[in-house]
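Close look at the chain arrangement
As a plain string of letters, each chain reads:
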Amino acid sequence: MGESPVRSGKPRGNLPPLELYVPEPKYRPGDKVDYSELDIPEPGELARPDEACAASETWPLTTDMIRVLGDDDKAVGPWNPNLDPESLRRMLRNMALTRAFDDRMYRGQRQGKTSFYMKCTGEEAISVACALALAGDDMVFPSYRQQGILISRGYPLVDMINQIYSNRADRLKGRQLPIMYSARDYGFFTISGNLATQFPQAVGWAMASAIKGDTRIATSFIGEGSSAEGDFHAAMTFAAVYNAPVVLNVVNNQWAISSFSGFAGAERTTFAARAAGYGIAGLRVDGNDALAVYAAMEWAANRARGNLGPTLIEHFTYRAEGHSTSDDPSAYRSAHEREEWPLGDPIMRLRNHLIAIGEWSEDRHADMDRELAEEVKAATKEAEKNGILGHGLHHPFHTMFEDVFEELPWHLDEQAEQAIRERQMKWPEWKE
Amino acid sequence: MLEEEAVSLHDAPTRSLNMIEAINEALDVMMARDPDVVILGEDVGYFGGVFRATAGLQGKYGKNRVFDSPINECGIIGAAVGMAAYGLRPVPEIQFADYIYPGLDQLVSEAARLRYRSAGEFVAPITVRSPFGGGIFGGQTHSQSPEALFTHVAGLKTVIPSTPHDAKGLLIAAIEDNDPVIFFEPKRIYNGPFDGYYDNPSKSWKNHAGGKVPEGYYSIPLGKARVVREGAAMTVLAYGTMIHVVEAVLAEKGVDAEIIDLRTLVPLDIETVQKSVEKTGKCLIVHEATRTSGFGAELSALVQERCFYHLEAPIERVTGFDTPYPHSLEWAYFPGPVRIGEAVDRLMKD
Ligand SMILES: Cc1ncc(C[n+]2csc(CCOP(=O)(O)OP(=O)(O)O)c2C)c(N)n1
């Protein structure tokens with residue numbers, strides 16, 4: 001075939017040749033990190049519009065950042081939720097428990113007790129503060145880093161660990177990847193491995209709640225990397241069109257496995273700013289500031305509950321650890337990023353705040369950490385009685401064929417018989 | 001359920017309806033019976049759908065239960081999954097089966113597996129309705145038959161009616177079913193049966209037994225095939241539009257074939273299929289979809305596995321070609337009387 005003039009690439013006249021731009025993160029392993037370009041506003045400076053305001057009034061809040069806790073550990077400004085010390089301590093405890101749980105499960109994976117684990121280190125404020133700002137029966141469509149919500153809602157740790165070990169007590173019958181919990185009674189939707197699918201589903205749930213004249217709202221969480229999926233835009237469109245009582249959260253932890261946030265469009269605008277194009281209210285919040293997160297979710301939840309429409313919240317944070325136990329972040333990013341992250345550690349910030357207002361002490365904190373480590377250890381022991389992954393104690397073979405449909409059709413019945421026949425040949429000692 | 005079907009079929013007065021009217025009635029019946037049934041999709045509300053299948057329902061049940069959606073199939077099916085998780089029974093319409101692909105992930109990865117992955121905590125009683133198949137000069141983007149794709153997915157049921165009577169009863173059963181169902185409507189026969197001779201004048205459901213539709217509620221269980229006609233010379237397995245084409249061809253040839261309308265592909269009524277092939281010893285499979293990896297391949301494998309010693313001739317498959325649906329050559333593509341006739345002759349020779 002002859003060369004098409006369109007494809008020849010010959011420059012026309014004096015036009016400059018076009019160039020493809022491929023984003024590149026600022027720092028790679030070994031690089032010194034400089035965060036001075038990051039715009040981090042003083043806490044307490046942003047106005048808090050009425051929850052009934054027009055979506056367009058939130059524009060300044062989508063390009064700036066809502067912060068409450070200052071470097072002096074004081075809570076300031078109109079977004080200060082003014083929580084009582086008891087609530088603050090509960091928040092701190094749930095965050096610390098989430099971290100203790102993560103640490104233990106991470107070690108469990110390293111010890112071969114399960115195949116896989118995902119920590120949310122550095123992001124504990126987001127799930128825990130959101131859980132406390134929501135009603136207990138509001139529906140959550142989570143991604144895989146909101147274990148703090150289950151923990152805050154009092155879901156038994158033993159059940160979480162049973163799921164992670166895929167053992168015979170796993171409520172999900174050993175079918176899901178570890179950490180992909182489902183807890184209907186706790187308003188926690190079954191987690192999908194297909195990113196972003198939960199976003200339009202949350203909107204659908206919220207629409208159903210509105211159809212039924214219910215008072216419950218829905219919320220969903222997505223990573224900034226996943227916000228590039230079509231499902232994100234489907235969800236935003238549906239949420240806007242039907243004024244759905246939903247709060248959509250983008251957890252911007254800067255990294256999607258090894259891809260920095262620029263590959264989801266972060267170099268062009270903030271994630272919160274995307275709300276504007278849909279006519280949805282948007283908030284951008286310091287995700288390491290538990291009080292700011294609480295205040296933003298409370299604002300958005302009130303708005304949704306008042307039939308005033310959906311909100312998109314961007315939680316600006318940092319994924320302190322690897323993506324999962326299968327990931328080594330030192331291969332693609334600078335270690336200094338974590339060390340120098342200017343928004344600090346969410347647990348330390350809340351702890352210091354409580355100490356600053358005279359409601360907490362370093363000793364009490366150390367005691368609590370010890371106690372939580374013990375609590376997790378005891379739960380782990382308890383769960384191990386039901387088996388760990390690959391050590392034989394799992395659900396009966398027949399369960400593999402159940403729940404594909406409500407009733408077992410003939411072809412699955414035949415296949416179940418085959419699996420059981422094979423089992424008798426492969427493991428004659430087997431009893432179930 | 002069978003008893004209830006028999007009772008209401010016996011008692012209820014029947015009228016002649018076309019398939020659109022029958023589908024509309026099924027939706028109406030279910031919306032009246034169950035306040036959790038909601039309908040969403042492009043143009044389904046005020047206008048009643050481009051094929052008018054949802055006509056009048058918004059006026060009757062309100063915008064809370066029948067509403068238009070953005071042109072976003074991922075959103076339509078994704079939202080339906082969320083609604084089902086809440087406790088509703090959404091019946092989303094995908095305007096043409098060809099446009100199901102943007103929503104495919106929500107169907108295949110989400111709806112289909114919700115029960116399994118949550119060990120029954122969340123279920124997806126969703127019925128996705130969608131017109132499919134060619135023969136209306138719809139070109140390659142309004143003619144496809146993607147049913148095999150869905151039969152390959154664990155957790156989805158696939159239903160295809162071939163008459164107004166079945167369309168109503170099967171759709172009611174699909175909506176009542178607690179699993180996600182893909183309900184493909186053969187749009188070529190919405191308004192009347194089709195014998196495969198595209199230049200013959202259109203026929204009407206008025207003169208067809210399948211166009212007699214009982215009033216009110218009745219359901220036809222999923223997973224039960226219909227023996228359209230008993231016969232001894234061969235078994236023909238088909239569904240949707242092809243049932244009528246096959247009937248016409250066999251009548252013309254005077255072949256005493258047994259015709260089985262599968263009605264649901266998953267779950268499949270293997271018993272009826274097996275019994276028939278064991279009796280006749282010959283099997284012809286007909287579908288409009290492309291040949292390679294089509295549902296005919298699955299049927300052929302099943303028949304071979306189960307009826308091998310009864311077979312007196314190789315199993316024959318008549319299908320569309322492995323090309324997109326060509327607009328101007330639609331009738332060259334369509335597996336009509338000539339292609340079916342040749343296969344019938346081959347089987348009769350053996
Ligand atoms: C549809 C889909 N594509 C790709 C993947 C593989 N994958 C799993 S996690 C991940 C990165 C997600 O990053 P982000 O959304 O930013 O969330 P984070 O892990 O940072 O919390 C990818 C690409 C997937 N699970 N699903």
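Quick caveat, the model's predicted, so the values are computed rather than measured. (Residues numbered from 1 in each chain as written. Chains lettered and ligands numbered in written order. Predicted model: local features only at pLDDT ≥ 70, side-chain atom pairs only at ≥ 80, totals over all residues. Heavy atoms only, no water.)

Our next topic: the overall build of chain B. On a plain count of helices and strands, chain B comes out with 13 helices and 14 strands. A globule of 350 residues ought to have a C-alpha radius of gyration of about 20 Å, and chain B, at 19 Å, matches this closely. Reported as C-alpha extents along the three principal axes, the dimensions of chain B are approximately 60 × 45 × 45 Å. Counting the 350 residues in chain B, one finds 65% classified as buried. Summarising the internal contacts of chain B: among those between residues at least 6 apart in sequence, 78% fall at separations of at least 24. A total accessible area of about 12,600 Å² is found for chain B, and carbon and sulfur atoms account for 53% of it. Charged side chains in chain B number 32 positive and 46 negative. The centres of these two groups are separated by 1 Å. (Helix = DSSP H or I, 4+ residues; strand = E, 2+ residues; numbered from the N terminus. Rg over C-alpha atoms; globule rule 2.2 N^0.38 Å. Buried < 20%, exposed > 50% of the residue type's maximum accessible area, 1.4 Å probe, protein only. Contact = heavy atoms within 4.5 Å. Areas by Shrake-Rupley, 256 points an atom, 1.4 Å probe, with all protein chains shown as cover. Lys, Arg positive; Asp, Glu negative; His and termini not counted. Charge placed at Lys NZ, Arg CZ, Asp CG, Glu CD.)

Here the focus is unusual backbone geometry. Residue Pro267(B) follows Val266(B) across a cis peptide bond; omega there is -5°. Within the element layout of this structure, Pro267(B) appears in the loop between strand S12 (264-266) and helix H10 (270-280). A positive phi angle is found at Asn82(A), which is not glycine, with a value near 50°. Its identity as a non-glycine residue notwithstanding, Asp403(A) has a phi of 70°, on the positive side. Within the secondary structure, Asp403(A) is located in the loop between helix H12 (362-384) and helix H13 (410-426).

What follows covers the sheet that holds strand S6 (residues 281-286) of chain A. Residue and element names in this part refer to chain A. Spatial strand order, S1-S2-S3-S7-S6: five strands in an open sheet with parallel pairing. Of all the strands in the sheet, just strand S1 (139-141) and S6 have a single pairing partner and so form its edges. Each strand axis lies, on average, 20° off the axis of its neighbour in the sheet, ignoring direction. Summarising the sheet, strand S3 (residues 246-252) and strand S7 (residues 311-316) pair through six bridges and their orientation is parallel. Pairing of Val-250 across the sheet is with Glu-314, part of S7. Taken strand by strand, helix H6 (residues 198-211) contacts S1, strand S2 (218-223) and S3, and its axis lies near 170° from that of S2. (Pairing = 2+ DSSP bridges. Axes fitted to C-alpha atoms, helices over the stretch in contact; angles between N-to-C directions.)

Residues and elements named next belong to chain B. Counting buried positions over the five residues of strand S2 (residues 37-41) gives five, a clear majority of the element. Side chains Val-37, Ile-39 and Gly-41 project from S2 onto one buried face, and the interleaved Val-38 and Leu-40 project onto a second face that is buried too. By the bridge criterion, five bridges tie S2 to strand S4 (residues 89-93) in an arrangement that is parallel. By the bridge assignment for S4, Val-38 is matched with Pro-90. As defined by bridge partners, S2 adjoins strand S3 (residues 66-68) across three bridges and the pair is classed as parallel. Residue pairing in the sheet places Gly-41 in a bridge with Asp-68 of S3.

With 45 residues of chain B at the interface, the matching set in chain A holds 44 residues. Of the roughly 3,700 Å² buried between chain B and chain A, counting both surfaces, carbon and sulfur atoms make up 61%. Of all residues in chain B, Tyr86(B), Tyr116(B) and Arg117(B) bury the most surface against chain A, accounting for 22% of the area lost on that side. Measuring nitrogen to oxygen at the nearest pair gives 2.6 Å for the salt bridge that ties Lys212(A) to Asp36(B). Counting across the interface, chain B meets chain A through 25 residue pairs in polar contact (both at pLDDT 80 or more). When residues of the side of chain B that touches chain A are traced back to their parent elements, those giving at least two are S3, helix H4 (73-86), helix H5 (104-110), helix H6 (114-117) and helix H11 (295-307) of chain B. (Buried area = accessible area lost by both parts, 1.4 Å probe. Salt bridge = Lys/Arg side-chain N within 4 Å of Asp/Glu carboxyl O. Polar contact = N/O pair within 3.5 Å; in protein donor to acceptor, adjacent residues only side chain to side chain.)

Moving on, we come to the UniProt feature "domain: Dehydrogenase E1 component" (unreviewed entry) in chain A. According to UniProt, the positions carrying the feature "domain: Dehydrogenase E1 component" (unreviewed entry) are residues 93-388 of chain A. With 44% helix and 11% strand, residues 93-388 of chain A has end C-alpha atoms that lie 28 Å from one another. (UniProt positions renumbered as here; feature names shortened; annotations may be inferred.)

This next bit is on the pairing of S4(B). Where a strand is regular, its side chains alternate between the two sheet faces. Most of S4(B) is tucked away, with five of its five residues classed as buried. Going residue by residue along S4(B), you find Arg89(B), Val91(B) and Glu93(B) tucked away on one face and Pro90(B) and Pro92(B) tucked away on the opposite face as well.

This part covers the sheet that holds strand S14 (residues 316-320) of chain B. Residues and elements named next belong to chain B. Read from one edge to the other, the open sheet built from five strands follows the order S9-S11-S10-S13-S14, with strand pairing classed as mixed. Looking at the sheet topology across the chains shown, the edges are occupied by strand S9 (226-229) and S14. Within this sheet the neighbouring strands show an average axis-to-axis angle of 25°, counted without direction. In this sheet, strand S13 (residues 283-290) lies alongside strand S10 (residues 234-238) in parallel orientation, the contact comprising three bridges.

Bringing the site of the ligand into the picture now. Residues and elements named next belong to chain A. Lining the immediate environment of the ligand, one finds 15 residues, of which Tyr-144, Arg-145, Gly-193, Ser-226 and Trp-255 sit closest. Within the side chain of Arg-145, one N or O atom sits 2.6 Å away from an oxygen atom of the ligand. At 2.5 Å from an oxygen atom of the ligand is found a side-chain nitrogen or oxygen belonging to Ser-226. Bound to the protein, the ligand loses 72% of the 590 Å² it would expose on its own. Here the residues of the shell around the ligand sort into five nonpolar, seven polar and three charged. (Near = heavy atom within 4 Å. Nonpolar A, V, L, I, M, F, W, Y, C, P; charged D, E, K, R; others polar.)

All right, on to the side chain of Asp138(A) then. Residue and element names in this part refer to chain A. Assignment of secondary structure puts Asp-138 in the loop between helix H3 (124-133) and S1. Relative accessible area serves as the criterion here: at 1%, Asp-138 is assigned to the buried category. In this structure the side chain of Asp-138 is engaged in a polar contact, spanning 3.1 Å, whose partner is the backbone nitrogen of Ile-217. When near neighbours in sequence (up to four residues on either side) are disregarded, Asp-138 contacts Arg-153, Gly-187, Arg-216, Ile-217 and Arg-305.

Residues annotated in UniProt with the feature "domain: Transketolase-like pyrimidine-binding" (unreviewed entry) correspond here to residues 17-192 of chain B. Across residues 17-192 of chain B one finds 36% helix and 16% strand; the C-alpha atoms that close the span lie 10 Å apart.

Next up on the list: the domain arrangement of chain B. All names here are of chain B. Domain assignment breaks chain B into domain 1 (16-214) and domain 2 (226-348). The centre of domain 1, based on its C-alpha atoms, is set 24 Å off from the matching centre of domain 2. Listed per partner, the contact involves 34 residues of domain 1 and 27 residues of domain 2. Buried area between domain 1 and domain 2, both sides added, is near 2,600 Å², and the carbon and sulfur share of it is 63%. In this assembly, domain 1 and domain 2 are joined by two salt bridges. (Domains from an automatic or database assignment.)

Moving on: the UniProt feature "domain: 2-oxoisovalerate dehydrogenase E1 alpha subunit N-terminal" (unreviewed entry) in chain A. Listed under "domain: 2-oxoisovalerate dehydrogenase E1 alpha subunit N-terminal" (unreviewed entry) in the UniProt record, and renumbered for this structure, are residues 16-55 of chain A. A distance of 42 Å separates the end C-alpha atoms of residues 16-55 of chain A, which is 0% helix and 0% strand.

Proteins that are soluble and globular tend to have nonpolar side chains buried together. Of all hydrophobic cores here, the largest spans 78 residues; its most connected members are Val203(A), Val246(A), Met83(B), Leu107(B), Leu237(B) and Leu262(B). The biggest single contributor to this core is H4(B), with nine residues. Beyond its immediate sequence surroundings of up to four residues, Leu237(B) is in contact with Ile260(B), Leu262(B), Val273(B), Cys283(B), Leu284(B), Ile285(B), Val286(B), Leu299(B) and Val303(B). (Core = buried A, V, L, I, M, F, W, Y, C linked by side-chain atoms within 4.5 Å.)

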